[in-house]
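Tertiary structure, described
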Amino acid sequence: MSRVQQLPVAIKKRLDELLVGGVPQKDILRQLEPLLIDAGEQPLSAAGLNRYATRMESLGRRIRESREVAEVWTAKFGEAPAGELGQHIINMLRTMAFEFTLSADGQTDDEGNPVINPTVINDLALAVQRMERAAEMSTRREKELRQAYAAKAETAARQRGISNDTAAAIRQAIEGAAT
């Protein structure tokens, strides 16, 4: 765990605010020094702050890129049926979970291999399981709704004098749209 991650919560929050605010690192070190001394902490090193700032900038860049990708996909699939859009979102989340697992938050062991926290793996597994369950429920619900609307359309068509064959074809067309 890095020195910055071990800082008291209030000081770390202030550090993050200063970084996000674009304050130069040398000024951040000067502003945090009295807070650290008052808290009984050692001052931060310039190298430690720079490593943390670089990691945060990298994370921020990845978040911005993810937002840009999400905007492109949203624009592309904005007209897609809810079930299809949900499937695309689930696939994107699976990919993100996989990439997160591979990156392992940049932590490596002595041989340079990623260190993966078992709790993180468990949380990701639960998240994927919940996404799969939600996708199944969404698909099932969409099918049920189509069947209900198809039955109503068939009944309405018959009440308006359309032949039984044509009404049945309308029903099949509505139900078949889900497949």
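See the structure above.
This write-up is about the structure you can find in this document. (Residues numbered from 1 in each chain as written. Predicted model: local features only at pLDDT ≥ 70, side-chain atom pairs only at ≥ 80, totals over all residues. Heavy atoms only, no water.)

**Quick notes on the pattern of salt bridges**
On inspection of all chains with the given rule, the structure shows nine salt bridges. A salt bridge links Arg 14 to Glu 17, with the shortest nitrogen-to-oxygen separation between them at 3.5 Å. Taken together, the residues Arg 14 and Glu 17, both in helix α1 (residues 9-20) and three residues apart, mark about one turn of the helix. For Arg 14, a relative accessible area of 33% gives the class partly exposed. Taking the relative accessible area as the measure of exposure, Glu 17 reaches 41% and is therefore partly exposed. For Asp 27, the salt bridge goes to Arg 30, with nearest N and O atoms at 3.0 Å. Here the residue Asp 27 and the residue Arg 30 both occupy positions in helix α2 (residues 25-38), the gap between them amounting to three residues, near one helical turn. Among the residues examined, Asp 27 registers a relative accessible area of 23% and is labelled partly exposed. Overlapping salt bridges bring together Glu 154, Arg 158, Arg 171 and Glu 175 as one network. (Salt bridge = Lys/Arg side-chain N within 4 Å of Asp/Glu carboxyl O. Helix = DSSP H or I, 4+ residues; strand = E, 2+ residues; numbered from the N terminus. Buried < 20%, exposed > 50% of the residue type's maximum accessible area, 1.4 Å probe, protein only.)

All quantities given are derived from atomic positions and should not be read as evidence of function.
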